[in-house]
Structures are given as C-alpha cells and as structure tokens.
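Structure assessment
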Amino acid sequence: MINRIYRLMDTKRIEMVLREIPFTKGDVLVRPDYLAICAADRRYYLGRRRKEVLNRKLPMALIHEATGTVLHDPGGRLKAGEKVVLIPLEPENGNQGIKGNYRQGSKFASSGTDGFMRDFIALPHDRLIPVGGDYSVIYVFSELLSVAIGAIQAFETSCRIDKNSFGVWGDGSMGFVMSLALRCLYPDAKIYVFGKTARKLHKFSFATKTFYIDQVPPGLIFSHCFECVGNSGSEAAISQMMELISPQGCISLLGVSEDSIAINTRTVLDKGLYLIGNSRSDAEDFKKAVALIRENEICRRYLQILISEVIEIKTENDILHAFEQDILNDFKTVMKWSI
Amino acid sequence: MIYAGILAAGLGVRMHRLDMPKQFLPLGNKPIIIHTLEQFFINPLIGRIIIVAPDSWKIYTEDLLARYDSMGKECFVIIGGRNKVESIDAIVRYIDETWGIADDDVLIAHDAIRPFITQRIINDNIDSARCYGAANTAIMTNDAILVSKDGFLLDEVPPHEIMYAEQTPQTYMLAMLKNAIDKAVAGGVKLNEENELPRLYIKAGNRMCLVRGEYSNMKIINPYDLEVANALLKERKV
C-alpha cells in the first residue's frame, strides 16, 4: 500500500515522501487521529541536537505521541473504526529481565526510526491499546502519562521511607503530567511544584503548592522528588532537590539533557539518596496510563488543561505552522491529522 | 451509501504497451490499479466499490482483485464505456438496477491510474458533494494555459489565476447526477461524444465545487509518468 511519510529532512524542513508500506503479515493498519508535539520533536525540528546525531537520524518522521483509528486488522482482534493509542516502542526481544524501554536494541518511533507523521501506520497488534467508549483528544497524552507512571513504578521499587510528600521540578508538560499522576495515585500526599514561570505554574491548580525556584521558603522539606526540567536547568534543579529532600528519599530523573550534568555526590552519600533514571515507557506503562485516563475523572479533567492549541493538519504547510506555533506554546500542541 | 467508482476502462494507447492496459502495469510491487483501490479499501466512509474495466480485461480484473485483500469491501467489476462519461453512466445504471438510488447516495469516481490519491482528498470530496451536490478535484496550474483553435496561432491567454487543472475524484450526489445525465440524453446529447461529465453536469443547472487536489495525485499515462511514479517510491539520500 502506498503511504505518505512526512519527514524532517533538515532543520525546519519537513517534506512528504511516498513509500510502499512494508506490511508485515498480521500488522494492524491505523490512521492517526491526533498527534502531539513533544520537546524531543521540537529539538529535532529546531536542529538543537548534536550535528552528528542529526546527520545519523535524519531524514526521519517526527512524533511519538499519537492516537488513531483502526482501518483493518487482518487478525480480527481489533474492529475497523476502533480508537487506539499507539505505542512508539518496538522492544528488542532480548533479556526479558530488563524493561523493554531500557533494552539497548529496542527501537523508538521518532528516534532513529520514522515517527507517526504518516498517512497510515502498520503496527503489530500488541503496540495498540484500545481506548474504549469515551475517546477524545486527551488520550494523545497517554505516552507522556505512561512515562510518568513508569517513573512512579520505578520509584515504588526503591522507596524506603514514607510517600506523604513529593516535590516536582519543572513547570512544563512533563512536570504537569508527573504532578498530575502523583495527585491521582497518591491523593492524600502533598505535591509541591517548582518552576520559573508564573503563567505556567498557575495551571498546576491541583498541586498542594507551587513555588518559584528562587523563592523557596526556609524549612520546606519533602520525602521524594521528580526532576522534569532537562537541558541546562537540570543541574541547578538537581542541586536544589538534594538540598531540600529528606534523607533516604528518591530523586527520579526524567529531564533530558544534551550536556553532561554535574551532581554533588557528597550530598547523595551523606543523605543516602536514591537516584533513579527514567526514559520512555513500555506497553505495560501504556496500559496503566490509558486505564488511568479512562477511569479517573480528575486525570481526564486536568489533562484537558494541558492542551495549548489544537491545529488541524490538511497540508504540509500546516505541519510547519504547528511546529512554529509549538515554539510559542507553553504546553502541548496537538495536530488533528486530516491530511 | 457511498460508492467508489474506479475508472479503469482505458486501453493505455499512450503507454505504448498494447499488450496490457496501463492500470495493470506494476508500480513498485503491485499493479497500479491495486494501489489505487487500496486507498478506497481502507477509507471507512466507502461502502461499495465498482470498477469499470475494458470488456476484454474484465475477467483479468476480477482475477487480480481475488489476489489482494479488499479489507472487507464489496467490489464489483462491470464493463466500461468508450469514454469517461459513458463509464460513469454505466456505473450509475448498474447501481440503479442493482440496489436502486437513494437520495443520500454518493458516487466518488476516480481514475485507476492515479494511485497517489490521499485520504484527505477522498474525505474532502465526499464532504463537499454532500454540501454542494458535487465536487471536482483540481490544482492551480503551474504553467500558463494557452488557447489555440488550430494548434498553430495563439487565440487567447486566459488569466493564470483562474486556471485550474482537473484531477479526480469527481464526486456527485447520485440522484442529481442521474437526473443530469437523463436530462442531457433526453436533450439529444450523445454521451460518447461528451468527454467532460462536469460540463454536462453544470450545464444542467447544477453546482459543482472544487476540492484542492495534490500535485502528487498524478495520472500515470505514459512511460515517463510510470518512471517518475516508480522513482517517487524509492528510498533516496537527501
């Protein structure tokens, strides 16, 4: 079948290419409905990756956050018209003791292989999660939520002290979803959010309290924290976390940084801290994320607030417009895929 | 019901391959017509598909269809006419005789030799036909259009900004289309002499709106087009 793939060829240059879909027997054919732009997509689009990375990975279709409609399932497990969330991870069939998203041979859409900016996507059945009856645009945030849930799962396996209070650093989309996941899964816990921008922090109305990073009141302490800052801000954020966190607390790292970050290991040793790395998510995290959206009204309501803009895509120019708008938007830019 | 009519009745004289009409020639790993059909197989709005084939190639078309997964879509092969207007008329009559025509039935007619059609074009055609009665797919011309009655002297250069090149699909509310054809035939029009159905349709006092096509929604008519189409599908370095 002929497919159209919208690939980033170079900085700010997206072009359509025509390709025959390599249709593996049994794959389910899906048409994307909603695609959300992630910070990683934005970095590629703006050329803010190292030159050798860009040379190696481009041309490549961006986007790994997507929902879609099933067009055809030769295996008959999914019905035509059924709404699904797409899983970007293609796990390597290696050591089953290691989570799929950490196996070094796993592939990930929009990082080395084409992402979801295509007219159709052929995926194995187990990379699609049916949404159920109340389908809406917010399911496009399942990937982001699955990363937060994966981080919480990892935290749970290392946590040695109480889970009564959490600090989340980062007032962007990841910080929002991380804080929201904590709010939904630990409804009685105190959730403190740390950021720099007033208009962004105002959106965290479900948090116990929000703070500017330079106006933290003395004496504030919490059990665990989650870093959702990334880039050059990571270093200062981690340093501040280590100052405020309780001994034996967990610091979960989620922010991606292009550069190496200095960490004061003396404090890590003194306080007996746990540093947990988190990246991406696997199918189990996705299932939990979709279930949380489906079953938790608080989650559904607040995810709606995460949308900065929904842009209908009918032409290649609309795609460029969406990426340009995303640079200006505080939170998520969603593309309604009508191309 | 939305019917797709796939126009595959041409014999491909311009392809210089008299052994096989162009719609059956391979593009990538499949015949051109199968690529085209697949875009209609997967569109959830399309109900039934009717393919008009040349008389002598009807059985071959049926064999070809049997070899590929139609993804649950019902397909019917009928014999086409001498030109596009007669072929679409044959589809209208076949639908009328087989199922009858309901007021909300739609026919989206598309050239078999335009395999790069997009889902957006199909959906926009159906939406527009439902709103305005009929839709035609068009793109702005890149070249200025010249009018010459004898092919030697230039008679006219129409303003570039109002010139469009027609593609397919053409989409009609079926009942209105049948009326327009019946009226034209009753008025003495010979369908084999009228090459443009939209002309006949708007002459009957109907409206037809334009849907934006794509330059890539190209027609594969001659060997050069086929080479370009095959090249478009190949992986290449930037």
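Note that the structure is a prediction, hence the values are computed from the model and not measured.

Turning next to the overall build of chain B. When helices and strands are counted, chain B shows seven helices and nine strands. Expressed along its principal axes, the backbone C-alpha trace of chain B runs to roughly 50 × 45 × 35 Å. Out of the 238 residues belonging to chain B, those deemed buried represent 39%. Within chain B, contacts between residues at least 6 apart in sequence are counted, and of these 75% link residues at least 24 apart.

All names here are of chain A. Taken domain by domain, chain A comprises domain 1 (2–135 + 307–337) and domain 2 (146–277). Averaged C-alpha coordinates put domain 1 and domain 2 at centres separated by 28 Å. Facing the five residues of domain 1 at the interface are six residues of domain 2. Considering only residue class, the side of domain 1 that touches domain 2 consists of two nonpolar, no polar and three charged.

Now for helix H4 (residues 173–185) of chain A. Residue and element names in this part refer to chain A. Taking 1.5 Å per residue, 13 residues should reach 18 Å; H4 reaches 18 Å between its end C-alpha atoms and fits that length. Within H4, twelve of the 13 residues are buried, which leaves the element mostly enclosed by the surrounding structure. The complete set of buried residues in H4 reads Ser173, Met174, Gly175, Phe176, Val177, Met178, Ser179, Leu180, Ala181, Leu182, Arg183 and Cys184.

A word on the pairing of strand S16 (residues 250–253) of chain A. Residue and element names in this part refer to chain A. Judged by which residues are buried, S16 turns out to be covered on both faces: Cys250 and Ser252 on one side and Ile251 and Leu253 on the other are all buried. Strand direction decides the pairing type here: strand S15 (residues 224–227) and S16, joined by three bridges, are parallel. Its bridge partner lying in S16, Cys225 is registered against Ile251. In terms of handedness, the path from S15 via helix H6 (residues 233–244) over to S16 forms a crossover that is right-handed. By the bridge criterion, four bridges tie S16 to strand S17 (residues 274–277) in an arrangement that is parallel. Along S17, the bridge assignment pairs Leu253 with Gly277. With helix H7 (residues 265–271) bridging S16 and the parallel S17, this β-α-β connection has right-handed handedness.

Attention now moves to the sheet that holds strand S1 (residues 2–10) of chain A. The pairing of strands in a sheet happens through backbone hydrogen bonds and is either parallel or antiparallel. Residue and element names in this part refer to chain A. Sheet architecture is open: three strands sit in the order S2-S1-S4, paired in antiparallel fashion. The open sheet is flanked by strand S2 (13–20) and strand S4 (60–61), the only strands paired with a single partner. The pairing of S1 with S2 spans eight bridges and is antiparallel. The residue of S2 that forms the bridge with Arg7 is Glu15.

Looking now at the interface of chain A and chain B. Chain A puts 19 residues into the contact, and the matching count from chain B is 17 residues. The set of elements that each furnish at least two residues to the side of chain A that touches chain B consists of S1, S2, strand S3 (28–36) and strand S5 (65–72) of chain A. Its residues assigned to classes, the side of chain A that touches chain B shows ten nonpolar, three polar and six charged.

Cut-offs applied
Residues numbered from 1 in each chain as written. Chains lettered and ligands numbered in written order. Predicted model: local features only at pLDDT ≥ 70, side-chain atom pairs only at ≥ 80, totals over all residues. Helix = DSSP H or I, 4+ residues; strand = E, 2+ residues; numbered from the N terminus. Buried ≥ 20, exposed ≤ 12 C-beta atoms within 10 Å, placed from the backbone. Contact = placed C-beta atoms within 7 Å. Domains from an automatic or database assignment. Nonpolar A, V, L, I, M, F, W, Y, C, P; charged D, E, K, R; others polar. Expected span 1.5 Å × (residues − 1). Pairing = 2+ DSSP bridges. Right-handed = clockwise from strand over helix to strand, strands pointing away.

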